[in-house]
Every structure is written in C-alpha cells, then in structure tokens.
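Fold and geometry: a report
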Amino acid sequence: MKKRLGFFKFSCCTGCQFHFFYEQRYLLETLLNFDVVFSKILSSSGTPDGPFDVALIEGTVTEVWQVDELKRIREQSTLLFAIGSCAVSGGIPAIKATDPEIEIEKRVYKKLSSIHSIKPYAIDAYVKVDGYIRGCPPGERDLYEALTSVLTDKKPDFLHYSVCVECKLKGNTCVLVSYNVPCMGPVTNAGCGALCPSMNRACYSCFGPVKQANGSALAKKFKLMGLSKDDIIRKFTEFGAVTGEFRKAVEMMYED
Ligand code: SF4
Ligand code: SF4
Ligand code: SF4
C-alpha cells in the first residue's frame, strides 16, 4: 500500500515545494511509492483530513492560526519533517525576529487592525519534528534520504557536520583563508555538497546552523577581517535568527 504524503505550507515563498515536485526529476520514481494527498501548489482544494504517513512542512509559523493548523497536522501524521530553512530554523521570515513585532508591522502595513502576526519561529517551537530537511531550497541528498527512510522504516541519516567538511572532501581552496572572503561554512550544516565554495563563493548559511556551531568565534574572525557590526549581524540572522547557536554571536555583536 502506498504511503500517504501531505505537503503543507506556512509563511514562505513555496520554493521548497516547487523544487521538490518540479526540479528534482530523479525523485519521481521514489514518489511513485507515495500517494500525494495534498500539496498547496498541486491542488486547489482545502487541506484534507489525515491520517498521513508523512507530513512535509515548509514555511515559518508567523500567525496564530498556523499554530493550530500545525498541531492538527501533527496529531494526524505518523512522521512529520520540517523541509527548508523556513521550517527548520526560521529561514528568511526570521530576519524580522530581532525587532519588536509591532515595529515590523508598522514598517510594512498602513492599517494594523487586521494584522495578527507573531514572532517567526521554526516549527519545532510548537510540535515534535521527526527530521530536518535543510536548505533554501533543500539539496537532493537530504530529500532522497527523507523519502527513502519513510519507505524503509528507518531513521533518516541526515548529516551533522559543517559545510567545511564537505568543502575539504571536495578538495576546494578555502575562500575564507585564501581570499579573505567571509564564509559561513564553519558554522553551517552540511548537505549541499559545499555548493557555493565550490564556485569560489562564500557560504551564506542557507542550510542553517550546525549543532554546537561556534558562531562567536567566527563573528570575531569576521570583525578582524574588517566587517562592520551590522554586516556581521546580518550574516548570522539571514537564515537562523532565532536559533541558539547563532544567537550567541548576534548578542555578542550587540554588546560590543
Ligand atoms: S526555505 Fe527557501 S525556498 Fe524553501 S520556502 Fe523558505 S524561502 Fe522558499
Ligand atoms: S571555503 Fe568556507 S566552507 Fe570551505 S573550508 Fe573554507 S570556510 Fe569552510
Ligand atoms: S554553501 Fe552555504 S549558502 Fe551555499 S548552498 Fe550550501 S549551505 Fe547554502
């Protein structure tokens, strides 16, 4: 019997879903083993009732109703994966997390009476998450790993080391050491195959913080390289403003 899969969306650009269904053609064969019962971009109908064997959640929770909806999906799902940086660590919507919510609302909207936004948190602030498919959008390795883990009934084997490891395994020249380019690779979770440094570009941490990242040390290094306080804060808040690993670096810069 095919596994029932629902792909649900909260506040985000829907790029993860687009990437999943349209860009990753190699996934199609694996997807044949699933009954995709809901996807916001493939369906015009409302959210169906469960149960779901697996729920993929993209987007950040930024409104009160989304908290209830997320909890409802969790109750009806055997497995629930966060997919993409928005759901995993707050992602792009989390750039507003460091300012008071009301200030942000005033900056964007003229009338605030119908605006009920809340601070943007990753979905694990509200529900138990069984796996994190990182990236903006995610890389093919982790997407495939997540789907096959559901089919084989095993724990997904996601990577728990930094982009630097992937970068070294590829034999890249380090852009941080050799070209003085502020690369976030040392504190960023692997999974993309060191995509950006392989093109001689700095990692900007779209996969979010690796566990136990030493953000403060990298922030100090960036300061020595001549980056301004604002630039350093921006680097650590672009994709993971609300996570502990990067918060220490940001707090250190504010105290400086
Ligand atoms: S993680 Fe990136 S691609 Fe995915 S929904 Fe968020 S902003 Fe879009
Ligand atoms: S280029 Fe970036 S990711 Fe690669 S080894 Fe250097 S710091 Fe790490
Ligand atoms: S190198 Fe960094 S910014 Fe580039 S895809 Fe990988 S995690 Fe994202």
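Keep in mind that what you see is a predicted model, and the values were worked out from it rather than measured.

**With respect to the overall build of the chain**
Secondary structure assignment for the chain yields eleven helices and seven strands. For the chain, the C-alpha radius of gyration of 19 Å lies close to 18 Å, the compact-globule estimate for 256 residues. Each principal axis of the C-alpha atoms in the chain carries an extent, and together these give about 55 × 50 × 25 Å. Considering only intrachain contacts with a sequence separation of at least 6, the fraction spanning at least 24 residues in the chain is 73%.

**Considerations on the site of ligand 1**
Taken together, 14 residues sit near ligand 1, with Cys12, Gly15, Gly84, Cys86 and Cys136 positioned nearest. Here the shell around ligand 1 is built from residues that sort into seven nonpolar, six polar and one charged.

**A look at helix α11 (residues 244-255)**
For α11, with twelve residues, the first-to-last C-alpha span of 16 Å sits near the 16 Å given by 1.5 Å per residue. Within α11, the full set of buried residues consists of Glu245, Phe246, Ala249, Val250 and Met253. End-on, the buried residues of α11 take up no more than an arc of 125°, which puts them together on one face. Every exposed residue of α11 that faces more than 90 degrees away from the buried side is listed here: Gly244, Tyr254 and Glu255. Of the surrounding secondary structure, the elements contacted by the buried residues of α11 are α9 (215-224) and α10 (229-237).

**Some points on the confidence of the model for the chain**
The predicted model of the chain has a mean per-residue pLDDT of 90, with 97% of residues at 70 or higher. Least confident of the elements in the chain is α11, whose mean pLDDT is 79; most confident is helix α7 (residues 163-169), at 98.

**Description of the domain arrangement of the chain**
The domains assigned to the chain are domain 1 (3-152) and domain 2 (163-255). Taking only C-alpha atoms, the centre of domain 1 and the centre of domain 2 are 25 Å apart. With 17 residues of domain 1 in contact, the opposing surface of domain 2 contributes 15 residues. A total of three residues in the side of domain 1 that touches domain 2 trace back to one element, the largest contributor, which is helix α4 (residues 85-89). By residue class, the composition of the side of domain 1 that touches domain 2 is seven nonpolar, seven polar and three charged.

**Quick notes on the nonpolar core**
In terms of nonpolar packing, the biggest core is built from 32 residues, with Ala55, Leu56, Ile57, Phe81, Ala82, Ile83 and Ala87 touching the most fellow members. Tallying contributions element by element places strand β3 (residues 52-58) first for this core, with five residues. Setting aside anything within four residues of it in sequence, one finds Ile83 in contact with Cys16, Leu56, Ile57, Glu58, Ile133 and Pro138. Counting residues in hydrophobic clusters, the runner-up holds 29 residues, among them Val175, Cys183, Phe236 and Met253.

Scoring rules and cut-offs
Residues numbered from 1 in each chain as written. Chains lettered and ligands numbered in written order. Predicted model: local features only at pLDDT ≥ 70, side-chain atom pairs only at ≥ 80, totals over all residues. Helix = DSSP H or I, 4+ residues; strand = E, 2+ residues; numbered from the N terminus. Rg over C-alpha atoms; globule rule 2.2 N^0.38 Å. Contact = placed C-beta atoms within 7 Å. Near = placed C-beta within 6 Å. Nonpolar A, V, L, I, M, F, W, Y, C, P; charged D, E, K, R; others polar. Expected span 1.5 Å × (residues − 1). Buried ≥ 20, exposed ≤ 12 C-beta atoms within 10 Å, placed from the backbone. Arc of directions from axis to C-beta. pLDDT = per-residue confidence, 0-100. Domains from an automatic or database assignment. Core = buried A, V, L, I, M, F, W, Y, C linked by C-beta atoms within 7 Å.

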